[in-house]
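Listed here are the chains, written in short residue letters.
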Amino acid sequence: MAKQDTDNTLIIPDPSAYPHRLFIKRTNTTIPILGFPSVALARLSDPTQQPLANRAVRHAVEDLQIGYFDVAPEYGDGVAQERLGPALKPYRNNVFLAAKTMFRTEEGSKQDLENTLRALHTDHLDLYQFHSISTQDDVDTILGPKGAMTTFQKAKAEGKIHAIGFSAHSEPMAIQMIQSGLVDTCMFPINFVSYHYGGVGQGVLDAALAHGVGVIALKSGARGRLTTQSGDAVHVPQQFHHIPEWKRQEMIHYPVVTSPKYYTWYEPEDDPVELNKLVLWALNQKGVTAVLPPGTMDLLDGISDMVRGKREVPVLSEEDVEGMRRRYEGMDIVPIFHNRSVSGTKVST
């Protein structure tokens, strides 16, 4: 059920459909604990598939009452944001909309932001994020002279973005960004397997708590990393339109594979009961504001059903956590991120 405003107008999505948590401390902004994985729209590359995107977003907003959306130009080389913009337009004023850029320089990120605003049919983003920070060079370039932080700060002063954040695949780099004092939010893999068997996650949560930075848990529903034997190879074109050349080169040197069933670049937990436990575990970690579920519409409804209509996030019992440990200890899994060297994988640090 959508909520009615004081003038008897229905508010869609219902802002009370999910528990809310503090996300942006500076402005006392809260968001619902579950976001929409817009990367799922990246498969709809043909413009004639826009009606499919419209239906997916309408279902998320009107049926599941989801009010937090996150997207990036890198998802399908611009496809996801092109599909999300028209689909989300009827609901834009009632949702929290976040986007990202992979460009590290002022010039590149400025153009990327304008492209994203145009694609999303909006004049502002509630949150704009540096995407997939992984190296010291990423941090140094972003924060240095003529770096992307300059674009972000100017855009914030102009009202084009309301907050500054980042996503990261390296714990040390994430901590550096948090400690810079220049960001409001962080997206990082808070994943049961990576945390317990890869040693990744707690350092970011500790830094975020110390500096008042909100955390979105990425990859919470992941079981482990795909291999060239278990995943399908991703074709890398000669040129991208919305992705920097350095990222294209990285995709060549560190080949990406995706799940044959879910099209995610990791192996999601597809047992619905165990998937919900993984998501709940992430939400139970102190400092986590919300989760983005696996990037497929097939698993979204079950996760939403678990937390929609609740006043608080359900708590996992010690028995549940111990059962999860036994389950994943018995599997031959490489964590999607880890602080140890495994041949053929790109480590977290």
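Trainee: Before we go on, may I ask you to explain the overall build of the protein chain in this structure?
Mentor: Counting its regular elements, the protein chain contains 12 helices and 16 strands. Radius of gyration (C-alpha) of the protein chain: 19 Å, near the 20 Å computed for a compact globule of 349 residues. The principal-axis extent of the C-alpha atoms belonging to the protein chain is close to 55 × 45 × 45 Å. Looking at the 349 residues of the protein chain, the share that counts as buried comes to 55%. With the model as given, the accessible surface of the protein chain reaches about 15,500 Å², and the carbon-plus-sulfur share is 49%.

Trainee: Would you mind showing me how to read the packing of helix H2 (residues 79–88) against helix H3 (residues 106–119) here?
Mentor: What describes two packed helices is the angle between their axes and the distance between those same axes. Between H2 and H3, the least distance of the axes is 8 Å, while the angle of their chain directions is 40°. Judged by the angle between their axes, H2 and H3 are oblique. From H2, Gln81, Glu82, Gly85 and Pro86 reach across to H3, where they touch Asn115, Thr116 and Ala119. Counted by class, the contact of H2 with H3 contains two nonpolar, four polar and one charged residues.

Trainee: Can you walk me through the confidence of the model for the protein chain in this structure?
Mentor: Low pLDDT marks stretches whose predicted atomic positions should not be read closely. The pLDDT averaged across the protein chain works out to 92; a share of 95% of its residues lies at or above 70. Here residues 341–349 scores under 50 on pLDDT; set against residues more than four positions off or in separate chains, the count is 22 contacts.

Trainee: Sorry if this is basic, but what is going on with the packing of aromatic side chains here?
Mentor: Each aromatic ring pair is characterised by the separation of its centres together with the angle its planes make. Enumeration over the complete set of coordinates arrives at 10 aromatic pairs. Ring plane angle 15° and centroid distance 3.9 Å describe the contact between Phe130 and Phe152, whose orientation is recorded as stacked. Taken together, the residues Phe130 in strand S8 (residues 127–133) and Phe152 in helix H5 (residues 148–157) connect sequence positions 22 residues apart. Three or more aromatic residues link up through ring pairs in this structure, and these residues are Phe192, Tyr195, Trp281 and Tyr328.

Trainee: What should I look at first to understand unusual backbone geometry in this one?
Mentor: Glycine aside, residues mostly have negative phi angles, and peptide bonds mostly take the trans form. The amide bond that connects Ile12 to the next residue, Pro13, takes the cis arrangement and shows omega of 0°. Relative to the elements of secondary structure, Pro13 occurs in the loop between strand S2 (10–11) and strand S3 (20–24). Phi at Lys146 is positive, roughly 60°, even though this residue is not glycine.

Trainee: Looking at this structure, how should I read the pairing of S3?
Mentor: Looking down a regular strand, the side chains alternate between one sheet face and the other. Across four bridges, S3 lies against strand S4 (residues 29–32) in antiparallel orientation. Across the sheet, residue His20 finds its bridge partner in S4, namely Pro32. Between S3 and S4, which follow one another and run antiparallel, lie four residues, and Asn28 among them has a positive phi close to 60°.

Trainee: Please clarify how the side chain of Asn191 should be interpreted in this entry.
Mentor: Of note, Asn191 is situated in the loop between strand S10 (185–189) and helix H7 (192–198). A polar atom in the side chain of Asn191 sits 3.1 Å from the backbone nitrogen of Val193. Looking at Asn191, its side chain comes within polar contact range of the main-chain nitrogen of Ser194, at 2.8 Å. Leave out the neighbours within four places in its chain, and Asn191 touches Lys219, Ser220, Ala222, Trp281 and Ile336.

Trainee: Help me understand the environment of His131, please; the structure alone is not making it clear to me.
Mentor: Tracing the sequence through the fold places His131 in strand S8. With 136 residues separating them along the chain, His131 and Glu267 place their C-alpha atoms 21 Å apart. Contacts of His131, omitting those with residues within four sequence positions, involve Ala72, Glu74, Tyr75, Lys100, Thr101, Met102, Arg104 and Ser167. A polar atom in the side chain of His131 sits 2.9 Å from the side chain of Glu74.

Trainee: Any chance you could explain the pattern of salt bridges here in plain terms?
Mentor: Pairs can form between side chains of opposite charge whenever their charged atoms are close. With the rule as written, the count across this model stands at 17 salt bridges. Salt-bridge contacts for Asp270 lead to Lys261; the nearest nitrogen and oxygen are separated by 4.0 Å. Because the salt bridges share partners, they merge into one network encompassing Arg223, Lys261, Glu267, Glu269, Asp270, Glu274, Lys277 and Arg327.

Trainee: Would you explain H2 in this entry?
Mentor: Since the α-helix advances by 3.6 residues per turn, residues separated by three or four positions end up pointing in the same direction. Counting buried positions along H2 yields eight of 10 residues, so the element is predominantly enclosed. Tucked inside the fold, the buried residues of H2 contact helix H1 (50–63), strand S6 (68–70), strand S7 (96–101) and H3.

Trainee: It is not clear to me how the sheet that holds strand S9 (residues 164–168) should be interpreted in this structure. Could you clarify?
Mentor: Read across the sheet, eight strands follow the order S5-S6-S7-S8-S9-S10-S11-S16 without closing on themselves; strand pairing throughout is parallel. The open sheet has two edge strands, strand S5 (36–37) and strand S16 (288–291), and neither has a second partner. Relative to S6, S5 runs parallel, the two sharing two bridges. Of the residues in S6, the one forming a bridge with Pro37 is Asp70.

Trainee: Would you explain the environment of Lys310 in this entry?
Mentor: Of note, Lys310 is situated in the loop between helix H11 (300–307) and helix H12 (318–329). Overall, Lys310 belongs to the partly exposed group, its relative accessible area being 34%. In this structure the C-alpha to C-alpha distance between Lys310 and Pro260, which are 50 residues apart in sequence, comes to 34 Å. Ignoring anything within four residues of it in the chain, the contact list for Lys310 reads Ala17, Tyr18, Pro19 and Asp305.

Trainee: What exactly am I supposed to notice about the packing of helix H6 (residues 171–179) against helix H8 (residues 202–211) here?
Mentor: Axis separation between H6 and H8 bottoms out at 9 Å; the angle between their running directions is 5°. Of the possible angle classes, the one that applies to H6 and H8 is roughly parallel. Along the contact surface, H6 presents Glu171, Ala174, Ile175, Ile178 and Gln179, while H8 presents Gln202, Gly203, Val204, Ala207, Ala208 and His211. In terms of residue class, the contact of H6 with H8 is built from six nonpolar, four polar and one charged.

What counts and what doesn't
- Residues numbered from 1 in each chain as written.
- Predicted model: local features only at pLDDT ≥ 70, side-chain atom pairs only at ≥ 80, totals over all residues.
- Heavy atoms only, no water.
- Helix = DSSP H or I, 4+ residues; strand = E, 2+ residues; numbered from the N terminus.
- Rg over C-alpha atoms; globule rule 2.2 N^0.38 Å.
- Buried < 20%, exposed > 50% of the residue type's maximum accessible area, 1.4 Å probe, protein only.
- Areas by Shrake-Rupley, 256 points an atom, 1.4 Å probe, with all protein chains shown as cover.
- Axes fitted to C-alpha atoms, helices over the stretch in contact; angles between N-to-C directions.
- Parallel < 35°, antiparallel > 145°, perpendicular 65-115°, else oblique.
- Contact = heavy atoms within 4.5 Å.
- Nonpolar A, V, L, I, M, F, W, Y, C, P; charged D, E, K, R; others polar.
- pLDDT = per-residue confidence, 0-100.
- Phe/Tyr/Trp six-rings, centres within 6.5 Å; stacked < 30°, edge-to-face > 60°.
- Pairing = 2+ DSSP bridges.
- Polar contact = N/O pair within 3.5 Å; in protein donor to acceptor, adjacent residues only side chain to side chain.
- Salt bridge = Lys/Arg side-chain N within 4 Å of Asp/Glu carboxyl O.

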